[in-house]
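Listed here are the chains, written in short residue letters.
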Amino acid sequence: NAGVMQNPRHLVRRRGQEARLRCSPMKGHSHVYWYRQLPEEGLKFMVYLQKENIIDESGMPKERFSAEFPKEGPSILRIQQVVRGDSAAYFCASSPAGTGELFFGEGSRLTVL
Amino acid sequence: GESVGLHLPTLSVQEGDNSIINCAYSNSASDYFIWYKQESGKGPQFIIDIRSNMDKRQGQRVTVLLNKTVKHLSLQIAATQPGDSAVYFCATSNNAGNMLTFGGGTRLMVKP
């Protein structure tokens, strides 16, 4: 049973470009979470999604950031017009239900030049 | 707002000794608590969890203690090994959802 799969593992973008990060949850999991981690810091919640629904986006910046989890395919975290401050590791996690342990992917590390 | 914090940013222990990592949380509504281990360049890995109706839970070489009165959580690692070197995070959630709030992390360094 494959774990949470994230790609790309590393992404380099220039300021003003778009970044798309993908996450495939564990098989049987219908809940996806995105977290952001700056170096030497903890993980900060961004958004919680179920299939075709955003449940909680209280941690998402109001501009440039969006997330989706379509009926088919992976969850996508999209960052438009990236700035240097967007450089971070973005982790996706999934769970089989609304409570309990989250299973994390290996993260996508975004570097903005 | 809710916050979860740790007392010690770095903990250095001798191989074979026991390690204790502490965590304070502020939200009284928190009822689920997890410890994660994160090795360099990897995602957080589940270690052990505990619900608010318990005050102690043991796993293999690890024990989590919960003191709801003072909102304090600790992770004890017995006979610490070099492979235990990592950053350890506590995280909490409540019945309002599965959203976990993470603490800032403690780096555990094991000296051979």
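You'll find the structure just up there.
Quick look at the structure, then.

Residue and element names in this part refer to chain A. Taken in spatial order, the four strands line up as S1-S3-S8-S7 in an open sheet, and their pairing is antiparallel. Each of the sheet's edge strands pairs with one partner strand only, and the pair in question is strand S1 (5-7) and strand S7 (65-68). The average undirected angle you get between the axes of adjacent strands in this sheet is 15°. With four bridges joining them, S7 and strand S8 (residues 75-79) adopt antiparallel strand pairing. Paired with glutamate 68 across the strands is isoleucine 76, a residue of S8.

Its location among the elements puts B:Gly104 in the loop between strand S10 (101-102) and strand S11 (106-111). On a C-alpha basis, the gap between B:Gly104 and B:Tyr32 in space is 18 Å, while along the polypeptide they are 72 residues apart.

In this section: the layout of surface pockets. For the largest pocket, the calculated volume is near 500 Å³. Lining the largest pocket are 25 residues; nearest its centre among them are A:Gln37, A:Glu40, B:Gln38, B:Val87 and B:Arg107. Broken down by secondary-structure element, the contributors of at least two residues to the lining of the largest pocket are strand S9 (88-95) and strand S11 (108-112) of chain A together with strand S9 (86-93) and S11 of chain B. For the lining of the largest pocket, the class distribution of residues is ten nonpolar, nine polar and six charged. Here the second largest pocket is characterised by a volume of approximately 240 Å³. When residues of the lining of the second largest pocket are traced back to their parent elements, those giving at least two are strand S5 (45-51) and strand S8 (72-77) of chain B. The leading source of residues in the lining of the second largest pocket is S5(B), at three residues. When the residues that make up the lining of the second largest pocket are grouped by side-chain class, the tally is six nonpolar, two polar and three charged.

The rules we used
- Residues numbered from 1 in each chain as written.
- Chains lettered and ligands numbered in written order.
- Predicted model: local features only at pLDDT ≥ 70, side-chain atom pairs only at ≥ 80, totals over all residues.
- Heavy atoms only, no water.
- Pairing = 2+ DSSP bridges.
- Helix = DSSP H or I, 4+ residues; strand = E, 2+ residues; numbered from the N terminus.
- Axes fitted to C-alpha atoms, helices over the stretch in contact; angles between N-to-C directions.
- 1 Å grid on protein atoms, 1.4 Å probe; cavity = no way out; pocket = protein on both sides within 12 Å on 5 of 7 lines; lining within 4 Å.
- Points joined across faces, edges and corners; volume = space filled by probe spheres on them.
- Nonpolar A, V, L, I, M, F, W, Y, C, P; charged D, E, K, R; others polar.

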